[in-house]
Each structure stands twice: as structure tokens, then as C-alpha cells.
Amino acid sequence: MILRPATTTDLDAVTDIYAHAVRHGTASYELEAPSRAEIGERFAALQDGSYPYIVAEEARCVVGFAYAGPFRARPAYRFIVEDSIYIAPHHQGRGVGRLLLQGLINACEALGFRQIVAVIGDGSPQSTSVRLHEAMGFRLCGTMEGTGYKHGRWLDTVIMQLALNGGSSLAPDPDSLPERNFRKES
């Protein structure tokens, strides 16, 4: 299995993987799977900001994807990214999520981000996503109860966080991607 940056040629597979998660899972609070065109627009927006978007590929097939995007739009949040990870159903439980999350953490560190946040839908303590993030060093920040209603039940949202590049203990790096984006430099 290899990790690599996602390209537009991966978006059919990304659309299919995400559609399955929307229709059958509770990690995403979307109720209708977005179209391939909508996935393309989301991908382009992340690419325009130089945010990391990666895929896991096995035997030339995309089996999972992960990306980090802005946590919030206000400029003071520019050092924080929110992660998203989705795995094809037949590859879940095989370490793909761990591989993608580690690759995403590495990419976010290299770009100079200071915090990575996971906003986990259906974030019960036994959730695969909660356990994965714990294993990768994320700490629990809080639980918002009953924030979503999907598949006939109320869902809690868990927020987890991992400090990168010294977190809040150091001044921002003026050469980091968040600072360059803020100054509108490439």
C-alpha cells in the first residue's frame, strides 16, 4: 500500500468511498451523498489553499483518502486544521486509517500548522475513529451531546486535538503555509 497526494483522477473513487460513508455510516453528518462535481469543488478549494489531501492506494486502486482543511474561516484560526479520513468498506480494519492519519500529520507538520483537530461524528468511546486518534496521540477536548440525528438516533460529536510544531508554546513561523496564505503569498 502506498500513500500519495490525491489528484483529480482519484475523485471518482473518493466520491464512491465518501458516498458509502454518508449512506451507511455516522461519521459524516451529511444525509445525502454529494455528487462527483461537488467533491471536485471541495477538492479544488483545498488544493487552492495548498492543504494536504492524500490517498492510500493498493494494487492501483484508491482504498482510502484523508485531507486537512481549515478548522474555521476566521484568520486567527489559521494555524489549526481539521482532519477527515474515509476508508473503503472492504479495507476497514486493515491499518489504512492509521497509515493515512500518520501521513496527514506529517504533511501538516511540514506545512507549519500548530494544531490538528478531529471533529468526530458519532464519537462514542468505542468509535473506531476515536480509538485511532487516541492511538496517534490526540487528546480528548470535549463531547457535544446529541448534535446530530441520523439513521434513527441521536449522535454525539467528539473533539480531539494534537499539537504540532510546538503547539502554542512557540511564536508562529513566518515561513509556514498558514502565514503565507494569510499574507496571500505562495
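Our subject is the structure that appears above.
The following paragraphs examine the structure supplied in this document. (Residues numbered from 1 in each chain as written. Predicted model: local features only at pLDDT ≥ 70, side-chain atom pairs only at ≥ 80, totals over all residues. Heavy atoms only, no water.)

1. Considering unusual backbone geometry
Then step 1. With phi around 65°, Ser50 is a residue other than glycine that occupies positive phi space.
Then step 2. Positionally, Ser50 belongs in the loop between helix H2 (36-48) and strand S2 (53-58). (Helix = DSSP H or I, 4+ residues; strand = E, 2+ residues; numbered from the N terminus.)

2. Thoughts on H2
Then step 1. End to end, H2 covers 18 Å across 13 residues, agreeing with the expected 18 Å (1.5 Å per residue, within 8%).
Then step 2. For H2, the full list of buried residues reads Ile39, Gly40, Phe43 and Leu46. Projected onto a plane normal to the axis of H2, the buried residues spread over an arc of 125° and lie on a single side. Structural note: H2 exposes Ala37, Glu41 and Asp48 on the side pointing more than 90 degrees away from its buried face.
Then step 3. Contacts from the buried residues of H2 go to helix H1 (11-24), S2 and strand S3 (61-70).
Then step 4. Count one or two residues on from H2 and you reach Ser50, which has phi positive near 65°. (Expected span 1.5 Å × (residues − 1). Buried < 20%, exposed > 50% of the residue type's maximum accessible area, 1.4 Å probe, protein only. Arc of directions from axis to C-beta. Contact = heavy atoms within 4.5 Å.)

3. Topic: the nonpolar core
Then step 1. Of all hydrophobic cores here, the largest spans 44 residues; its most connected members are Phe65, Leu100 and Phe138.
Then step 2. Excluding anything up to four places from it in sequence, Phe65 contacts Val14, Ile17, Tyr18, Tyr53, Ile54, Val55, Ser84, Ile85, Tyr86 and Leu100. (Core = buried A, V, L, I, M, F, W, Y, C linked by side-chain atoms within 4.5 Å.)

4. A short note on a nonpolar patch on the surface
Then step 1. On the surface, Met1, Leu3 and Leu99 cluster together into a nonpolar patch covering about 220 Å² of accessible area.
Then step 2. By secondary structure assignment, the location of Leu99 is in helix H3 (residues 96-111).
Then step 3. The exposure class assigned to Leu99 is partly exposed, which follows from its relative accessible area of 33%. (Patch = residues over 30% accessible without salt bridge, like charges linked within 9 Å, V, L, I, M, F, W, Y side chains within 5 Å. Areas by Shrake-Rupley, 256 points an atom, 1.4 Å probe, with all protein chains shown as cover. Salt bridge = Lys/Arg side-chain N within 4 Å of Asp/Glu carboxyl O.)

5. Section: the sheet that holds strand S4 (residues 80-87)
Then step 1. As summarised here, the arrangement of the seven strands in space is S1-S2-S3-S4-S5-S7-S6, forming an open sheet in which the pairing is mixed. The sheet is open, and its two borders are formed by strand S1 (2-5) and strand S6 (139-150), each paired with just one other strand. The sheet shows a mean angle of 25° between the axes of neighbouring strands, direction not considered.
Then step 2. By the bridge criterion, four bridges tie S1 to S2 in an arrangement that is antiparallel. In the sheet register, Ile2 faces S2, and the bridge partner there is Glu57.
Then step 3. Contacts from H1 reach S2, S3, S4 and S6 within the one sheet, and its direction differs from that of S3 by about 80°. (Pairing = 2+ DSSP bridges. Axes fitted to C-alpha atoms, helices over the stretch in contact; angles between N-to-C directions.)

6. Regarding the environment of Asp173
Then step 1. Mapped onto the elements, Asp173 comes out in the loop between strand S7 (153-163) and helix H5 (177-182).
Then step 2. With relative accessibility at 36%, the residue Asp173 sits in the partly exposed group.
Then step 3. Residues Asp173 and Phe79, spaced 94 residues apart in sequence, show a C-alpha to C-alpha distance of 10.0 Å.
Then step 4. What Asp173 contacts, discounting residues up to four positions off in sequence, is Arg114 and Glu179.
Then step 5. Among the polar contacts made by the side chain of Asp173, one reaches the main-chain amide nitrogen of Asp175 at a distance of 2.8 Å. (Polar contact = N/O pair within 3.5 Å; in protein donor to acceptor, adjacent residues only side chain to side chain.)

7. What about the packing of H1 against H2?
Each packed pair of helices is defined by two parameters, the angle between the axes and the distance between the axes.
Then step 1. In the contact formed by H1 and H2, the axes pass within 9 Å of each other and the chain directions differ by 110°. Comparing their axes, H2 and H1 come out roughly perpendicular. Two secondary-structure elements touch here, H1 through Leu11, Asp12, Val14, Thr15 and Tyr18 and H2 through Arg36, Ile39, Gly40, Arg42 and Phe43.
Then step 2. Among the residues forming the contact of H1 with H2, the class breakdown is five nonpolar, two polar and three charged. (Parallel < 35°, antiparallel > 145°, perpendicular 65-115°, else oblique. Nonpolar A, V, L, I, M, F, W, Y, C, P; charged D, E, K, R; others polar.)

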